[in-house]
Amino acid sequence: GIQVEQSPPDLILQEGANSTLRCNFSDSVNNLQWFHQNPWGQLINLFYIPSGTKQNGRLSATTVATERYSLLYISSSQTTDSGVYFCAVVVYNQGGKLIFGQGTELSVKP
Amino acid sequence: EPEVTQTPSHQVTQMGQEVILRCVPISNHLYFYWYRQILGQKVEFLVSFYNNEISEKSEIFDDQFSVERPDGSNFTLKIRSTKLEDSAMYFCASSDRFRTDTQYFGPGTRLTVL
């Protein structure tokens with residue numbers, strides 16, 4: 001089956017720093033989503049981005065489908081950005097289920 | 001903005017008891033999903049549902065699990081005889097289109113089996 005690998009597994013930043021999270025996937029995909037899991041366990045949709053680049057405030061994401069990776073950029077990080085970031089994909093023409101990576105745990109220190 | 005809602009937010013049950021987790025998907029969505037996340041692990045797919053029937057299920061979704069859309073708004077997950085290893089966060093999700101659309105997740109139900 002498809003492999004979804006996220007790096008780094010853990011990241012500690014000072015408030016105000018920038019970061020890049022990476023998601024590699026081993027097969028073609030119909031759908032790629034980035035989520036932020038907050039300390040209460042809720043999964044917050046960040047981006048639906050099977051290809052191309054999108055921006056939302058201090059966050060942006062780029063997916064290069066032909067090279068099977070996606071990047072999530074966080075600029076000017078804040079303590080509220082702390083939590084786990086998940087990448088999830090729907091494998092091309094294989095059902096509609098999202099397959100999640102293991103996540104990157106981000107801790108932003110004041 | 002429309003959102004997926006789930007009840008209860010937290011359920012504690014005794015091993016062997018039946019539990020029903022409830023979800024109200026976004027009103028015009030057609031595809032519904034249940035996922036679960038054991039503490040400290042990644043999110044795993046359980047089942048998808050479309051047109052009043054299961055369209056896909058994982059190996060986790062055995063005979064102890066069932067799903068139902070009892071009316072036009074609710075979507076439920078039933079676990080017939082809970083086990084300790086069923087303790088997890090259960091997420092409901094919905095989407096408008098198949099495969100090529102954002103899946104919107106509810107806030108989750110934390111199930112604790114004692």
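Up top is the structure.
Basis of the calculations
- Per chain, the residues get numbers from 1 upward, laid out in the order the sequence is written.
- All chains are assigned letters beginning with A, and all ligands numbers beginning with 1, in the order in which they are written.
- Where totals are concerned, whole chains, interfaces and linings use all residues; where local detail is concerned, this predicted model gives features only for residues with pLDDT of at least 70, and gives and counts side-chain atom pairs only at 80 or more.
- Neither water nor hydrogens contribute to the side-chain values; these are computed over all heavy atoms in the structure.
- Helix numbering and strand numbering both begin at the N terminus, where a helix is a DSSP run of H or I of at least 4 residues and a strand a DSSP run of E of at least 2.
- Contacts are assigned to residue pairs that have any heavy atoms within 4.5 Å of one another.
- The disulfide criterion used throughout: a pair of cysteine sulfur atoms within 2.5 Å.
- At least two DSSP bridges between two strands are required for those strands to pair.
- A fitted line through C-alpha atoms serves as each axis, taken over the contacting stretch for helices, and the angle formed by two N-to-C directions is quoted from 0 to 180°.

In this structure, Thr62 of chain A sits in strand E7 (residues 59-64). Residues within four places of Thr62 of chain A in sequence aside, it is in contact with Ile49, Gly52, Thr53, Tyr69, Ser70, Leu71 and Tyr73 of chain A.

On to the state of the cysteines. Defined simply, a disulfide is a covalent bond joining two cysteines at their sulfur atoms. Residue and element names in this part refer to chain A. A complete count under the given rule lists 2 disulfides over all chains for this structure. Shown here is the disulfide that connects Cys23 with Cys87, its sulfur atoms set 2.0 Å apart. Across the disulfide from Cys23 to Cys87, rotation about the S-S bond amounts to roughly -50 degrees, and the bridge is consequently left-handed. Linking Cys23 in strand E3 (residues 19-25) with Cys87 in strand E9 (residues 83-91), this pair joins segments that are 64 residues apart in sequence.

What follows deals with the sheet that holds strand E3 (residues 19-24) of chain B. Residue and element names in this part refer to chain B. Read from one edge of the open sheet, 4 strands run E1-E3-E8-E7, paired in antiparallel fashion. Among the strands making up the open sheet, the edge pair consists of strand E1 (5-7) and strand E7 (65-68). Within the sheet, the average angular offset between the axes of one strand and its neighbour, ignoring direction, is 20 degrees. Of the pairings in the sheet, the one linking E7 to strand E8 (residues 75-79) comprises 4 bridges and is antiparallel in character.

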